[in-house]
Amino acid sequence: MAELSWGRRFLVCPPEHFGVLYEINPWMRHEVTVDPDEAHRQWDGLVAALRQAGAEVEVLPAHPEVPDLVFTANAGIVNGRQFVPSHFRFPERQGETPINAAWFAEQGFTVDRLPEHLDHEGAGDALPFTPAGGGTVLVSGYSFRSDAAASGALGDLLGCPVRPVQLVDERLYHLDLTFCPLDDRRALCAPLGWDRYGRTVIEALVPEPLWLEDEEALAFTANSVVVGTTILMPHVPSRVGRQLEAWGFTPVEVPIGEFLKAGGGCRCLTLALDVVLTPAVDPTTA
């Protein structure tokens, strides 16, 4: 197996202003209270685990007006030194876009924007998979937070094949709750979240999927961060852990329960900064 070519450098944002202050997914409830001290401890634990696994970490400063800025996976999509910022569907999160775009511009990235009429929520709804001997394909989720038509626009901007997958379970409202590439052959996959065609897309793309059972998917098992052969996971079901270890991975459970209250796991709290999308023929349509 060949390890992922990305996942050694991440952007994170401290939970200085994090809280469940509105409801825009089934996990968020106004009556839920976030313990700010525990959220800080859990975030610090995730950052420490990233560094222990060998990853570099960049920090985006928090802003009081946007409590979900902590979920940096939704900042946008990185392709080398190119950055495509998200267009958020919900007004509660739209204030994040100028903050994220400004940070990337300051770091020397070229900022290319989607057409204003298209919604897409960044790496939360788009993850690359590069099969052995093939080119990179960007899998893009749509339905609850992103538009199907954004896939074509992303393909034009990024120069990479994009395969849209419809999300069908509102509890798994982003692609990164259903799909986690592990290497050039394997991925954590939650079919509960996709329609039949979406599963066909993944089956054609991923040679050895680890299919998650429904309860595993709803425990955010796929919302994990891969650093080489280390997998940082909000929950490690025993069945999944055994299979990952048999494949040569080291699963590490990282408690992030305060962030689960807002519907976000380990992947949601990170954005890989070292992704390079290699233009190539899409093997699922070749």
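Relevant structure appears above.
If you're wondering where the values come from, they're calculated on a predicted model, not measured in any experiment.

**Student:** I'd like a description of the overall build of the chain, backed by residues and values.
**Tutor:** The number of helices and strands found in the chain is eight helices and 15 strands. Counting only C-alpha atoms, the chain reaches 45 × 45 × 35 Å along its principal axes. The buried share among the 286 residues of the chain stands at 57%.

**Student:** Account for empty space enclosed by the protein, with residues named and values stated.
**Tutor:** Here the structure, examined in full by the defined rule, presents three cavities of 30 Å³ or more. Taken as a whole, the largest cavity spans an internal volume of roughly 130 Å³. Considering the residues around the largest cavity, the lining is formed by 15 residues, among which Ala123, Ala126, Leu127, Leu271 and Val275 are closest to the centre. Mapped onto the lining of the largest cavity, the elements with two or more residues apiece are strand E3 (76–79), strand E6 (126–129) and strand E15 (271–272).

**Student:** Got a sec to walk through the pattern of salt bridges? Specific residues and values, please.
**Tutor:** All chains considered together, the criterion is met by 15 salt bridges. Here Asp119 ties to Arg89 by a salt bridge, and the two come within 3.2 Å at their closest N and O atoms. Of this pair, Asp119 sits in the loop between strand E5 (110–111) and E6 while Arg89 sits in the loop between strand E4 (82–85) and helix H2 (91–94), placing them 30 residues apart in sequence. The class of Asp119 is buried, set by a relative accessible area of 18%. Of the charged contacts in the structure, one is a salt bridge between Arg89 and Asp147, with a shortest N-O distance of 2.4 Å. Here the residue Arg89 occupies a position in the loop between E4 and H2, and Asp147 occupies one in the loop between strand E7 (137–142) and helix H4 (150–158), the gap between them amounting to 58 residues. Connected via shared salt-bridge partners are Asp183, Arg185, Arg186 and Glu208.

**Student:** A description of the nonpolar core should follow, citing residues and the corresponding values.
**Tutor:** Formed by 78 residues in total, the largest nonpolar core has its most connected members in Leu50, Phe179, Leu182, Leu188, Leu244 and Phe259. In terms of residues, this core owes the most to one element, helix H1 (residues 36–52), which gives six residues. Counting residues in each nonpolar core, the second largest holds 15 residues, with Leu69, Ile99, Trp103 and Phe104 among its members.

**Student:** Talk me through H1; I want residue IDs and the actual numbers.
**Tutor:** Think of an α-helix as 3.6 residues a turn; residues three or four steps apart then line up on the same face. Taking 1.5 Å of rise per residue, 17 residues should cover 24 Å, and H1 covers 24 Å from first to last C-alpha, within 8% of that figure. Taken as a whole, H1 has its buried residues at Ala39, Gln42, Trp43, Leu46, Val47, Ala49 and Leu50. Down the axis of H1, the sector holding all buried residues measures 160°, keeping them to one side. Facing away from the buried side of H1 by more than 90 degrees, the exposed set consists of Asp37, Arg41 and Gln52. Following H1 by one or two positions, Gly54 adopts a phi angle in the positive range, close to 105°.

**Student:** I'd love a proper account of unusual backbone geometry, names of residues and values included.
**Tutor:** In this structure, Ser143 is a non-glycine residue whose phi angle is positive, near 140°. Secondary-structure assignment places Ser143 in the loop between E7 and H4. For Ser143, a relative accessible area of 27% puts it in the partly exposed group.

**Student:** How would you explain the packing of aromatic side chains if you had to name every residue and give the values?
**Tutor:** With the rule as written, the count across this model stands at nine aromatic pairs. On the basis of an interplanar angle of 75° and a centroid distance of 6.4 Å, the ring pair of Trp194 and Trp211 is categorised as edge-to-face. A residue pair is termed long-range when its members are at least 10 positions apart, and Trp194 in the loop between strand E10 (186–189) and helix H5 (196–205) and Trp211 in strand E11 (residues 208–211) qualify at 17 residues. Under the relative-accessibility criterion, Trp194 is labelled buried at 5%. Put simply, the rings of Phe83, Trp103, Phe104 and Phe109 pair up and form one aromatic cluster. Over the aromatic face of Trp211 sits the side chain of Arg199, whose NZ or CZ is 4.1 Å from the ring centroid.

**Student:** Account for the pairing of E4, with residues named and values stated.
**Tutor:** Burial along E4 is two-sided: Gln82 and Val84 and Phe83 and Pro85, pointing in opposite directions, are all buried. When E3 meets E4, the two strands line up antiparallel, connected through four bridges. Each bridged residue has a counterpart across the sheet, and for Val78 the counterpart in E4 is Phe83. The antiparallel pairing of E3 with E4 creates a hairpin that spans two residues between the two strands, and Gly80 there sits at a positive phi of about 65°. Relative to E5, E4 is paired through two bridges, and the arrangement is parallel. Of the residues in E5, the one forming a bridge with Phe83 is Val111.

Reading the values: the criteria
- Per chain, residue numbering runs from 1 following the sequence as it is written.
- Owing to the predicted nature of the model, reporting of local features is limited to residues with pLDDT of at least 70; listing and counting of side-chain atom pairs is limited to 80 or more, with chain, interface and lining totals taken over all residues.
- With hydrogens and water excluded, all non-hydrogen atoms of the structure serve as input to the side-chain values.
- Going along the chain from the N terminus, every DSSP run of H or I of four or more residues is numbered as a helix, and every run of E of two or more is numbered as a strand.
- For every residue, the accessible area obtained with a 1.4 Å probe (protein chains only) is divided by the maximum for its type, and the residue is called buried under 20%, exposed over 50%, and partly exposed between those limits.
- We place a 1 Å grid over just the protein atoms. Points where a 1.4 Å probe fits but has no way out form a cavity, open points with protein on both sides within 12 Å along at least 5 of 7 lines form a pocket, and any residue with an atom within 4 Å of a point lines it.
- Grid points are joined across faces, edges and corners, and a volume is the space filled by probe spheres set on the points.
- We define a salt bridge as a contact between a side-chain nitrogen of Lys or Arg and a carboxyl oxygen of Asp or Glu at a distance within 4 Å.
- To form a nonpolar core, buried Ala, Val, Leu, Ile, Met, Phe, Trp, Tyr and Cys residues must be joined to one another through side-chain atoms within 4.5 Å.
- A helix is expected to span 1.5 Å for every residue after the first.
- The directions considered for the arc are those from the helix axis to the C-beta atoms.
- For this analysis, a ring pair means two rings from Phe, Tyr or Trp (six-membered ring only for Trp) whose centres lie within 6.5 Å, classed as stacked if their planes differ by under 30 degrees, edge-to-face if by over 60, and tilted for the remaining angles.
- Two conditions define a charge sitting above a ring: the NZ of Lys or the CZ of Arg must be within 6 Å of the ring centre, and it must be within 35 degrees of the ring normal.
- Whether two strands pair comes down to DSSP finding at least two bridges between them.

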